[in-house]
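Chain by chain, the residues run as shown.
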Amino acid sequence: MGQVAFIVASHGQLAKYALDSAEMVVGKQENCGILTVSMDFTLEDAIKQMEEIFNSLDRSAGTVILVDILGGTPSNVSGRLALTEENVLVVSGLNLPLLVDLLMNRERSLEEIAKSLEETYHNGFTNVTELFKERKDEDECEIL
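Residues numbered from 1 in each chain as written. Predicted model: local features only at pLDDT ≥ 70, side-chain atom pairs only at ≥ 80, totals over all residues. Heavy atoms only, no water.

A. Structural context of the side chain of Arg 106. Here Arg 106 is to be found in the loop between helix H4 (96–104) and helix H5 (110–123). Comment: no salt bridge for buried Arg 106; closest opposite-charge side chain is Glu 107, at 6.7 Å. Apart from residues lying up to four places away in sequence, Arg 106 is in contact with Gly 2, Gln 3, Val 4, Ala 5, Phe 6, Gln 29, Glu 30, Asn 31 and Ile 113. (Helix = DSSP H or I, 4+ residues; strand = E, 2+ residues; numbered from the N terminus. Buried < 20%, exposed > 50% of the residue type's maximum accessible area, 1.4 Å probe, protein only. Lys, Arg positive; Asp, Glu negative; His and termini not counted. Salt bridge = Lys/Arg side-chain N within 4 Å of Asp/Glu carboxyl O. Contact = heavy atoms within 4.5 Å.)

B. Highlighting the pattern of salt bridges. Applying the stated criterion across every chain, the model contains four salt bridges. The closest approach of N and O atoms between Asp 20 and Lys 16, which form a salt bridge, is 3.0 Å. With Asp 20 and Lys 16 both in helix H1 (residues 14–26) and four residues apart, this pair spans about one turn of that helix. A relative accessible area of 32% places Lys 16 in the partly exposed class.

C. Region of the structure containing the packing of H4 against H5. The N-to-C vectors of H4 and H5 enclose an angle of 150 degrees; their axes lie 9 Å apart at closest approach. Between H4 and H5, the angle falls in the class roughly antiparallel. Relative to H5, H4 is oriented so that their crossing is right-handed. Contact residues: Pro 97, Leu 98, Asp 101 and Leu 102 in H4; Ile 113, Ser 116, Leu 117, Thr 120 and Tyr 121 in H5. Per-class residue counts for the contact of H4 with H5 are six nonpolar, two polar and one charged. (Axes fitted to C-alpha atoms, helices over the stretch in contact; angles between N-to-C directions. Parallel < 35°, antiparallel > 145°, perpendicular 65-115°, else oblique. Left-handed = near helix turned anticlockwise from the far one by under 90°. Nonpolar A, V, L, I, M, F, W, Y, C, P; charged D, E, K, R; others polar.)

D. Inspection of the pairing of strand E1 (residues 5–11) at higher detail. Burial of E1 is extensive: six of the seven residues sit out of reach of the surface. Both E1 and strand E3 (residues 63–67) contribute to a ladder of five bridges, which runs parallel. Bridge pairing in E3 places Ala 5 opposite Thr 63. Taken together, the six bridges between E1 and strand E2 (residues 32–37) define a ladder with parallel strand orientation. (Pairing = 2+ DSSP bridges.)

So, in structure tokens, the structure goes:
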């Protein structure tokens, strides 16, 4: 099996800059798309653009769509695709750890990717201030 295709979708430029940042960590990506919904987009505009992006990808290994927030236009148009197309996984809560996890695991099945993303999302919140306070006597500036 090849790499899954993916789309990053958000309100504004978050999707574009999140992918730019993730590529700094894991390298340039192929077979991917970005949907950025602006204030002047109608729902029809977003549906049309998402379909164009989706249809431009090699989806033979499946497609993952990472969206910023549940219930917004990006998640609504993505959810519509998940209902009408085969092998589409839509996940909300776009953040850099989630995107890096996806990019490092694109050879896995959609089910494996879904489990990994869920774990990464739940483990992604850390109170860094508390971690540093706990280690203040260790005279180090790094946690990992």
